[in-house]
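# Coordinates in review
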Amino acid sequence: MHPRRALLYMPGDDWNKINKAITLHVDSICMDMEDGTALNRKVEARETIAKALQELKFGKSEKLARINAVGSGLEKDDIETVLPCHPDGVVIPKVESFDQIQWASEIIETAELANGWDVNSIRVLVGIETARGIINLKEIASHPRLDGLIFGAEDFAANIGATRSRAGWEVLHARSSVVLHAAAYSLQAIDMVTIDFRDTINLKIEAAQGAALGYSGKQIIHPAQVQPVQEAFTPSDDVIDYAKRVVETFEAHQAEGAGAYELDGKMIDMPLLKNAQKVLDRARAAGKV
Ligand code: COA
Ligand code: MG
């Protein structure tokens, strides 16, 4: 799976921002036809994204296109305009059921077959950002075309009538539910946007919180957020060194017949080994080990 530590959005009709994005070495670039694009600019967004997919070199950045919600009346033209240009993946916002993903999946598979592309080569990520999205997570997360679940805190708060706060308690249950279901179905979990994009300190706090909750990446909206967020979702050298020591010492103790032992004053056993292995997986995905 492509690493998605940071997933950068820009309005799909903004050619300059797309051109800027491809210079930023960001893991994923998501050209948006949904809420980042004004209602009277949807056609321009579709056409600009199609042109970008055809003409621009994205380097190692993943090329994603976000369509409008299934049922908005815009989704069919959105997906049919961009698919022939082979994005790496499609993001569907405000998903509330398995069937909405199935709708997109069938259109994508038809395009893959018609163009001779590998079936399943175009991946799908879905936004979970409504109360119904949260309560239907189990069926949503089970869709085989999925790579990841994306948590939308602002839409979720608006949908349930919560008031957003710095501490974020009002979205914690939903934010954790998304990680939980992603883990249960081996999907990536991509955390909420930090909207005060000029406040780097708050960005780092929220990114670290998301990583601690188990998220593998975070949505971002501004170039200044790329570096701090990619760093927050890459294990630090200290954390990697410790994880390596856990793995090494665990193996040595197992060979001697000890399932639990002490390292630096802490008890180490199987769950801590698994956690250390997860850290090393993430470090590997970020090209660090
Ligand atoms: N992607 C790529 N480039 C971006 C960008 C983004 N998301 N946001 C800003 N930039 C560019 C600007 O175009 C500008 O480029 P320039 O120096 O070549 O002129 C530079 O980065 C600095 O931008 P800045 O002036 O600080 O911000 P802004 O006022 O131009 O834009 C926002 C602020 C919030 C409107 C803009 O960041 C944005 O559109 N973000 C994405 C919104 C979105 O897609 N929302 C939907 C998903 S939640
Ligand atoms: Mg949203």
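Looking only at helices and strands, the protein features 12 helices and 10 strands. Rg of the C-alpha trace for the protein: 20 Å, near the compact-globule value of 19 Å for 289 residues, within the 12% margin. Dimensions of the protein along its principal axes, counting C-alpha atoms only, are 65 × 45 × 35 Å. Here the protein, with 289 residues, has 47% of them falling under the buried criterion. Partitioning the intrachain contacts of the protein with sequence separation of at least 6 by distance along the chain shows that 68% fall at a separation of at least 24. Put simply, the protein shows about 13800 Å² of open surface, and 53% of that area lies on carbon and sulfur atoms. Put simply, the protein has 32 plus and 42 minus side-chain charges, and the middle of one group is 3 Å from the middle of the other.

So, about the site of ligand 1. Around ligand 1 sit 14 residues in total, of which Tyr-9, Lys-17, Arg-198, Ile-221 and His-222 are the nearest. Within the side chain of Arg-198, a nitrogen or oxygen atom sits 3.0 Å from an oxygen atom of ligand 1. One nitrogen or oxygen atom from the main chain of Ile-221 is found 2.7 Å from a nitrogen atom belonging to ligand 1. In isolation ligand 1 offers 890 Å² of accessible surface; the protein chains occlude 60% of this area. For the shell around ligand 1, the secondary-structure elements that each account for two or more residues are strand S1 (6-11) and helix H1 (15-21). Among the elements that make up the shell around ligand 1, the one with the highest residue count is S1 (4 residues). Tallied by class, residues from the shell around ligand 1 come to 7 nonpolar, 2 polar and 5 charged.

We now examine the packing of aromatic side chains. This model, assessed by the stated rule, comprises 2 aromatic pairs. Centre to centre, the rings of Phe-151 and Phe-156 are 6.0 Å apart; their planes meet at 55°, and the pair counts as tilted. For the pair formed by Phe-151 and Phe-156, the shared burial category is buried. Ring geometry for Phe-250 versus Tyr-261: centroids 6.5 Å apart, planes at 55°, classification tilted. Of this pair, Phe-250 sits in helix H11 (residues 237-255) while Tyr-261 sits in strand S9 (residues 261-263), placing them 11 residues apart in sequence. Assessed through its relative accessible area of 5%, Phe-250 is described here as buried. According to the relative accessible area criterion, Tyr-261 is buried, its value standing at 8%.

On to the coordination of the magnesium ion (ligand 2), then. Distances from the magnesium ion (ligand 2) to its protein donors, Glu-129 (OE) and Asp-155 (OD), fall at 2.0 to 2.7 Å. Here Glu-129 is found in the loop between strand S5 (123-128) and helix H5 (131-135), whereas its partner Asp-155 is found in helix H7 (residues 153-160), with 26 residues between them in sequence. Taking the relative accessible area as the measure of exposure, Glu-129 reaches 6% and is therefore buried.

Looking now at the domain arrangement of the protein. Under the domain assignment used here, the protein contains domain 1 (6-232) and domain 2 (237-285). One C-alpha centre belongs to domain 1, the other to domain 2; they are set 34 Å apart.

The rules behind these values
- Residues numbered from 1 in each chain as written.
- Chains lettered and ligands numbered in written order.
- Predicted model: local features only at pLDDT ≥ 70, side-chain atom pairs only at ≥ 80, totals over all residues.
- Heavy atoms only, no water.
- Helix = DSSP H or I, 4+ residues; strand = E, 2+ residues; numbered from the N terminus.
- Rg over C-alpha atoms; globule rule 2.2 N^0.38 Å.
- Buried < 20%, exposed > 50% of the residue type's maximum accessible area, 1.4 Å probe, protein only.
- Contact = heavy atoms within 4.5 Å.
- Areas by Shrake-Rupley, 256 points an atom, 1.4 Å probe, with all protein chains shown as cover.
- Lys, Arg positive; Asp, Glu negative; His and termini not counted.
- Charge placed at Lys NZ, Arg CZ, Asp CG, Glu CD.
- Near = heavy atom within 4 Å.
- Polar contact = N/O pair within 3.5 Å; in protein donor to acceptor, adjacent residues only side chain to side chain.
- Nonpolar A, V, L, I, M, F, W, Y, C, P; charged D, E, K, R; others polar.
- Phe/Tyr/Trp six-rings, centres within 6.5 Å; stacked < 30°, edge-to-face > 60°.
- Donors = N, O, S within 2.8 Å, 3.2 Å for Na, K, Ca; no water.
- Domains from an automatic or database assignment.

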